[in-house]
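Here is what each chain is made of, one letter per residue.
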Amino acid sequence: MLNSHPDLTASVLIGLGWYYLILFAMNMWWTVRSFKHDGEFRNGVPKAAFWSVVTSLLLMTSAYHFTYPPDGFLIQMPLWFKDFFNAYFSNPVLYFLLTIVGLVFMIAAREWWIKPTVAWTLLNLSLLFMGLSLTDYDFRQIVGKPDNVPIVAMLFIVAFFTWIYFTRAVDNDRRIAEGRPLFEQEDNEKVLVWPDLVYTELICMVVLTAVLIFWGIALQAPLEEPASSMKTPNPSKAPWYFLGLQEMLVYFDPWLAGVVLPSIILGGLIAVPYIDFNKRGNGYYSFRERSFAVTTYLFGFLPLWVALIVLGTFLRGPNWNFFGIYEYWDVHKVEAATNKNLSQFFWENLGGIPKGSGPSDILLRESPGILLVIGYFAALPPLLGLTVLRTYFARMGVIRFLVFSNLILWMAILPIKMLLRWSFSLKYIVGIPEYFFNI
Amino acid sequence: MTDPKPSTNDIFAKIRAKAATAAASESVAHQQTPAAPSAEVSPEEAAVPVAAPKSTADIMAAARAAAKPAAAKTEAAAKLGGTADVLAAAKKPAGASPSGGAAKSPADIMASIRAKAGAAPAASTPVVAAVAGTVIPPVKIDSLQAAGLSAADMIKAARTKTDGTTVAPIALPKVALPSKPLPGKATAGKVKQEVGRRSLLAVIVSTVCTWVVLAWSSMIAASVVSLLATARFMMPNVLVEPPTKFKIGPPNDYAPGTVSTKWQAQFNIWVVNAEVDGSQVVYALSTVCTHLGCTPNWLEGEQKFKCPCHGSGFYKSGVNFEGPAPRPLERVGLRLAEDGMLEVDKSVKFQRELGQWANSSSFVGVT
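Residues numbered from 1 in each chain as written. Chains lettered and ligands numbered in written order. Predicted model: local features only at pLDDT ≥ 70, side-chain atom pairs only at ≥ 80, totals over all residues.

Turning to the overall build of chain A, a few remarks are in order. Each helix and strand counted, chain A has 18 helices and two strands in total. Expressed as a percentage of the 439 residues in chain A, the buried residues total 22%. The long-range share in chain A, meaning contacts at least 24 apart out of those at least 6 apart in sequence, stands at 69%. (Helix = DSSP H or I, 4+ residues; strand = E, 2+ residues; numbered from the N terminus. Buried ≥ 20, exposed ≤ 12 C-beta atoms within 10 Å, placed from the backbone. Contact = placed C-beta atoms within 7 Å.)

We now examine the overall build of chain B. Helix and strand counts for chain B stand at 15 helices and eleven strands. Counting every position in chain B, which comprises 367 residues, the buried fraction comes to 37%. If you take every contact in chain B between residues at least 6 apart in sequence, the share linking residues at least 24 apart comes to 66%.

In this section: the nonpolar core. Judged by nonpolar contacts, the single largest core of 57 residues is most densely connected at B:Ile269, B:Val271, B:Val282, B:Ala284, B:Leu334 and B:Val344. In terms of residue count, the dominant contributor to this core is helix α13 (residues 291-315) of chain A (nine residues). Setting aside residues up to four positions removed in sequence, B:Ile269 forms contacts with B:Trp263, B:Ala284, B:Leu285, B:Ser286, B:Thr287, B:Val332 and B:Val344. Counting residues in each nonpolar core, the second largest holds six residues, with B:Phe12, B:Ala13, B:Ile15 and B:Ala20 among its members. (Core = buried A, V, L, I, M, F, W, Y, C linked by C-beta atoms within 7 Å.)

Bringing the sheet that holds strand β7 (residues 313-314) of chain B into the picture now. All names here are of chain B. Sheet architecture is open: four strands sit in the order β5-β6-β7-β8, paired in antiparallel fashion. A strand with exactly one partner marks an edge of an open sheet, and here the two such strands are β5 (297-299) and β8 (320-322). When β7 meets β8, the two strands line up antiparallel, connected through two bridges. Bridged to Phe314 within β8 is Asn320. (Pairing = 2+ DSSP bridges.)

Another point: the interface of chain B and chain A. At the interface, 25 residues of chain B touch 26 residues of chain A. Of all the elements in the fold, those that place two or more residues in the side of chain B that touches chain A are α15 (264-267), β5 and β8 of chain B. The residue inventory of the side of chain B that touches chain A, partitioned by class, reads ten nonpolar, ten polar and five charged. (Nonpolar A, V, L, I, M, F, W, Y, C, P; charged D, E, K, R; others polar.)

Residues and elements named next belong to chain A. Positionally, Leu132 belongs in helix α6 (residues 116-133). Of the residues examined, Leu132 has 17 C-beta atoms within 10 Å and is grouped as partly exposed. Along the primary structure Leu132 and Gln76 are separated by 56 residues, whereas in three dimensions their C-alpha atoms are 5.7 Å apart.

Once that is clear, we can look at helix α1 (residues 10-37) of chain A. All names here are of chain A. Its 28 residues place the ends of α1 40 Å apart at the C-alpha level, agreeing with the 40 Å of an ideal helix rising 1.5 Å per residue. Within the sequence span of α1, burial applies to Leu16, Tyr20, Leu23, Phe24, Asn27, Trp30, Thr31 and Ser34. Residues of α1 that are buried sit in contact with α2 (48-67) and α6. Looking one or two residues past α1, Gly39 carries a phi angle of roughly 80°, positive in sign. (Expected span 1.5 Å × (residues − 1).)

Glancing now at the packing of α1(A) against α2(A). Residues and elements named next belong to chain A. At their nearest, the axes of α1 and α2 sit 8 Å apart, and the two run at 165° to each other. What the angle tells us is that α1 and α2 run roughly antiparallel. For the pair α1 and α2, the crossing hand works out as left-handed. Split by residue class, the contact of α1 with α2 holds 16 nonpolar, nine polar and no charged. (Axes fitted to C-alpha atoms, helices over the stretch in contact; angles between N-to-C directions. Parallel < 35°, antiparallel > 145°, perpendicular 65-115°, else oblique. Left-handed = near helix turned anticlockwise from the far one by under 90°.)

All names here are of chain A. Between the first and last C-alpha of helix α8 (residues 149-178) there are 44 Å, a value that for 30 residues agrees with the 44 Å anticipated at 1.5 Å per step. Tucked inside the fold, the buried residues of α8 contact α5 (110-113), α9 (183-186) and α13. The first or second residue beyond α8 is Gly179, which carries a positive phi of 80°.

Turning our attention to the packing of helix α16 (residues 367-386) of chain A against helix α18 (residues 398-424) of chain A. All names here are of chain A. Following both chains from N to C, one finds α16 and α18 inclined at 115°, their axes separated by 9 Å at the closest point. Here the hand of the crossing between α16 and α18 comes out right-handed. Contacts from Tyr376, Phe377, Leu380, Pro381, Leu384 and Gly385 in α16 reach Phe401, Leu402, Ser405, Asn406 and Leu409 in α18.

All names here are of chain B. Bridging between strand β4 (residues 279-286) and strand β9 (residues 331-336) involves two bridges; their strand directions are antiparallel. Opposite Ala284, over in β9, you have Val332 as the bridge partner. The turn joining β9 and strand β10 (residues 342-350), which pair antiparallel and follow one another in sequence, is formed by five residues; a positive phi near 80° is taken by Gly340.

To continue, consider unusual backbone geometry. Residue A:Trp194 is joined to A:Pro195 through a cis peptide bond whose omega torsion reads 5°. The residue A:Pro195 is located in helix α10 (residues 193-218) in this model. In the segment running from A:Asn234 into A:Pro235, the intervening peptide bond is cis, with an omega of -5°. Within the chain, A:Ser425 stands out as a residue other than glycine whose phi angle is a positive 50°. You will see that B:Asn268, though not glycine, has its phi angle at about 60°, which is positive. As for its position among the elements, B:Asn268 is in the loop between α15 and β3 (269-276).

Okay, the pairing of β10(B) next. Inspection of the sheet shows strand β1 (residues 245-247) of chain B paired to β10(B) by three bridges, in the antiparallel sense. Opposite B:Phe246, over in β10(B), you have B:Val344 as the bridge partner.

What follows covers the confidence of the model for chain B. All names here are of chain B. Predicted confidence across chain B gives a mean pLDDT of 70, with 50% of residues reaching 70 or more. Least confident of the elements in chain B is helix α3 (residues 36-40), whose mean pLDDT is 43; most confident is helix α14 (residues 211-233), at 94. Note on residues 93-103: pLDDT is under 50 here. Beyond four places in sequence and across chains, it has 19 contacts. As a predicted assembly, this complex carries a pTM of 0.66 together with an ipTM value of 0.78. (pLDDT = per-residue confidence, 0-100.)

Looking now at the environment of A:Ser52. Residues and elements named next belong to chain A. Here Ser52 is to be found in helix α2. A tally of 17 C-beta atoms within 10 Å means that Ser52 is categorised as partly exposed. Sequence separation of Ser52 and Phe35 is 17 residues, and the distance between their C-alpha atoms is 9.6 Å.

Below, the structure written as structure tokens:
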């Protein structure tokens, strides 16, 4: 019988066999490292014993993939897990809130997860999760797509660099607390341009070229049918690095999400030296001395950019609907999403005025939204300055604080609008389609 | 001038003259001053005995000729057999310098003045400095310096002197001065002072006709031309586009309650037969999503148009209800032609939010 929707084929199993073989090699190296550095458990057994068991299991898993036929294969992502994941993680509200929780956890528990053993375990778990997920047909369809490979790579790279940052920062924070010299001062990394730097650059250049050539040969360019203005691919996705921007466009009018918000992102980044009055943390890693700056940046980068790229890549399917990562991309998936403007909520739901008979004057009709927006941008900064951000207000002065607080508020409108759309089907806070002005 | 037995100083003067001419042809500023023509005269022509330096212009020309870049000077010198040759020649007469009556040549006088005058950095190139040094008759310089005169005064004095002495034993009056001339400012001032209007024009010409000004003006001119070409490009002579008016068959091709997508690929329209405000009408909707211009798909099962780019959804009527699209789809013009066919006119649009769907050109009533 022809299975048009096969979970596993022989080639997939062989590929996964190689995958686990690489994992095996990585963990073998780790076992050696653990034997040298990690010491022993209380009963005298070296801690590397645990890793040697993991390593041997991985080798057996790999061998099993290479030898066993696809039918009745045992190592698969369990169905209950897939159902659970599909049911809860295709929900954008939960997804987004989880990324926020993850960020908070990452910062709060930074001293725990940067430990080499913990970080290595987390890496292994995420790789194992991916390996198991690859046994699912629909997951493979999305993750295995040549355009999506860089996104998966990016996730691991982002995690790696975040780990480096927090490792160094936590180390330096400890040094500062104990009064020891900074890592950067103690372990001065200054080297000569020739030969050290030039050789490093040469090696990087050669390796990168080799990787790109291998990539270009191994993964075919995802070409599609000739472009036509009459037919838009479904789903139609931006290049992966712009998926965050495309996701923004779902919640805002094009001029706002496509012009104003990107300009504010760029302008805000340019303005950082003007806003940032904190002179510490210059030239060395530190979290405690720059906690606000780092947290703000990570919030803007991880949940609002990287997580939106992931959402756009893996969770958005045909008709731009949400799909779980193990869910079939059904073109006819029905998703009720009747959106309403704030003015409709205000006049019809709150005011009890029947539909269509609200105020005919545009400004009066949209006055709730207009007042809300003006209040948000005009009244919130002084309020924040007098309450939560009082110390910042005192140290920055009026103009600098206003610039700063407005940039923060602009950054905040994206998650606010997203959550409002998902939770209340709110389309626009101010909706004046007559003059192409929608917020 | 063909003296059968030229003195060492004669030879020097010739060498200098050649070098100066070579450099003068490269110096732009030099060519644009009124003094230029005289400076461009080749040494042979200049050798006419009458041509003793008479005007300031001549002296300035000579001075400017000397103000050539060191590289050009060396190059010119090399043409004459290399710097070493010139130096060797220079050294030779150094022993017997007072013997010749060469000191009477105006060029020599100028050279000596320059070499001694502190204001003029004579040592700009070693070759020239050496040459200049050899021909100085000490007496004259000493007398001039003793008088406490400035460099400019000395030049003036030298000029008067030369004008007085009509008998110049060597007829190479306009040769280049060996060392650097006066600073440019002083030069310009002098020219203006002495030549008046002609020189004002010259100053203007020399300011306008510099390479920087020329380069920028040509770049701006080229940009303006290309901008005009771009503007012209926006108004093509011929537009290859599908017709905006076309016939799509009789109204009964479109069954009540259906959305026809058969013209989507060809003309970018959907034809809908639906009930609007109690009467059955046919209307044509443009397939351009009002959010960012993608082409939505008609989903029969859900009875809606759904855009694949950002998820905007529209009812069969074209009214937006989900996703970010801010306004309904646009209707295009539709009428019943004289032959009983429906005729679409895509050149007109009807927007609901502007109340234009009530316009009778936006739909055709069917019974």
